[in-house]
Amino acid sequence: MKLGYKKIVVKVGSNVITLADGTLDEFRIQHLVKQIAELKKQEIEVTLVSSGAVASGKSMMRTSEKVETVKARQMLAAVGQVKLINTYAEYFEDHDIMCAQVLVTKEDFRDRIHYLNMKNCMQTLLQNDVIPVVNENDVVSVTELMFTDNDELAGLIASMLNADALIILSNVNGIYNGDPNTAGSEVIEEIGGSVTNLASFIQAGRSQFGRGGMITKSTMAQKVAKLGIAVHIANGRVDNVITSLLDNSVVHTQFIP
């Protein structure tokens, strides 16, 4: 049965759109954009939360060992964000779709005026058929100012826009009932509100380029589901994953709202 969502937030992890050598996987970005264009034809409103600025920056320049880690991250994010948004803009243009860059910090969610300004801007973009491409502003977000990761940011955006669903694209098929690499482990396809301790069987590992692991994803997903928003965690490296997910024809994890 087709899922009848009209307003969704899609979050793309850096592990989905980054190749093993740290460069941007432009083929994967192009394929994701094509799927979003399909959703637009079905009159589904889409907001995209995309990681990948730092990884994108890494593919463009080599940093000297002397550069402090935080400063290096800021520099890579500043350089990489340009490449990232231009890549999205180029591929969206192929479908006659305009996209806009929205960079935010945690402070924007703490300050009422910032929050309303951001919400008004994003609603106006969506009303004018522009796809907001949201990312954390890593240039000014340092240490305590940072979101846990872009999963947390995507949850806040879904809540702010009162979305029907949040789709989190990772590099695994969902949340497993054991180690995904062990034979016999299976994807948990539905998680209801009564499940509390998923951490006991979730692997604590992270991807090479991302900040968040599956534990932060599941914690955030449960919070968002409590707000009445369906959350889906699926494998962004599977072809046509978004359209298949909305057709209910791909194995993944859904948090029931």
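Attention in this report is confined to the structure presented alongside it. These numbers come from a predicted model, not from an experiment.

Definitions and cut-offs
- Residues numbered from 1 in each chain as written.
- Predicted model: local features only at pLDDT ≥ 70, side-chain atom pairs only at ≥ 80, totals over all residues.
- Heavy atoms only, no water.
- Buried < 20%, exposed > 50% of the residue type's maximum accessible area, 1.4 Å probe, protein only.
- Helix = DSSP H or I, 4+ residues; strand = E, 2+ residues; numbered from the N terminus.
- Pairing = 2+ DSSP bridges.
- Salt bridge = Lys/Arg side-chain N within 4 Å of Asp/Glu carboxyl O.
- Contact = heavy atoms within 4.5 Å.
- Axes fitted to C-alpha atoms, helices over the stretch in contact; angles between N-to-C directions.
- Parallel < 35°, antiparallel > 145°, perpendicular 65-115°, else oblique.
- Nonpolar A, V, L, I, M, F, W, Y, C, P; charged D, E, K, R; others polar.
- Expected span 1.5 Å × (residues − 1).
- Bend = angle between axes of the 7 residues up to and from the residue.
- Polar contact = N/O pair within 3.5 Å; in protein donor to acceptor, adjacent residues only side chain to side chain.

1. A word on the pairing of strand β7 (residues 230–235)
A regular strand places its side chains on the two faces of the sheet in alternate fashion. β7 sits mainly inside the fold: 6 of its 6 residues count as buried. Burial along β7 is two-sided: Ala230, His232 and Ala234 and Val231, Ile233 and Asn235, pointing in opposite directions, are all buried. As defined by bridge partners, strand β5 (residues 165–170) adjoins β7 across 6 bridges and the pair is classed as parallel. Bridge pairing links isoleucine 168 to isoleucine 233 in β7. Bridge count for β7 against strand β8 (residues 253–255) is 3 bridges, and the pairing is antiparallel. Looking across to β8, one finds that valine 231 is bridged to phenylalanine 255.

2. Topic: the pattern of salt bridges
Scanning all chains against the criterion turns up 10 salt bridges. For arginine 28, the salt bridge is made with aspartate 239, and the minimal N-O distance between the two is 3.1 Å. Of the two residues, arginine 28 is situated in helix α2 (residues 26–41) and aspartate 239 in the loop between β7 and α9 (241–246); the sequence distance between them amounts to 211 residues. A relative accessible area of 8% means that arginine 28 is categorised as buried. Residue classification places aspartate 239 among the partly exposed residues on the basis of a relative accessible area of 45%. Across the pair lysine 40 and aspartate 129 runs a salt bridge, and its minimum N-O distance is 3.3 Å. Of the two residues, lysine 40 is situated in helix α2 and aspartate 129 in the loop between α6 (112–127) and β4 (130–136); the sequence distance between them amounts to 89 residues.

3. Things to note about the sheet that holds β8
With mixed pairing, 8 strands are arranged side by side in an open sheet as β3-β4-β2-β1-β5-β7-β8-β6. Each end of this open sheet is capped by a strand with a single partner; those strands are β3 (98–104) and β6 (190–191). In this fold helix α4 (residues 69–93) packs onto β1 (7–12), β2 (45–50), β3 and β4, with an angle of close to 155 degrees to the strand it touches most, β3.

4. With respect to the environment of glutamate 43
Turning to its location among the elements, glutamate 43 is positioned in the loop between α2 and β2. The exposed category is assigned to glutamate 43, whose relative accessible area is 69%. Along the primary structure glutamate 43 and lysine 7 are separated by 36 residues, whereas in three dimensions their C-alpha atoms are 9.0 Å apart.

5. A short note on the packing of helix α3 (residues 53–60) against α4
Packing of α3 against α4 brings their axes to within 6 Å, and their N-to-C directions diverge by 90 degrees. Relative to α4, the element α3 is oriented roughly perpendicular. For the pair α3 and α4, the contacting residues are Ala53, Val54, Ser56, Gly57, Lys58 and Met60 in the first and Arg73, Leu76, Ala77, Val79, Gly80, Gln81, Lys83 and Leu84 in the second. Here the contact of α3 with α4 is built from residues that sort into 7 nonpolar, 4 polar and 3 charged.

6. Some points on α4
The end-to-end C-alpha separation of α4 is 35 Å, in line with the 36 Å expected for 25 residues at 1.5 Å each. The principal kink in α4, of about 30 degrees, is found at glycine 80. Within the span of α4, buried status applies to Ala72, Leu76, Ala77, Gly80, Gln81, Leu84, Ile85, Thr87, Tyr88, Tyr91 and Phe92.

7. Brief notes about the environment of glutamine 123
Among the structural elements, glutamine 123 can be located in helix α6. C-alpha of glutamine 123 to C-alpha of methionine 160: the two residues are 37 residues apart in sequence and 9.9 Å apart in space.

8. Things to note about the side chain of threonine 253
Along the chain, the position of threonine 253 falls in strand β8. Polar side-chain contacts of threonine 253 include one of 2.8 Å to the backbone oxygen of isoleucine 188. Aside from chain neighbours lying at most four places away, what touches threonine 253 is Asn173, Gly174, Ile175, Val187, Ile188, Glu189, Ile191, Val231, His232 and Ile233.

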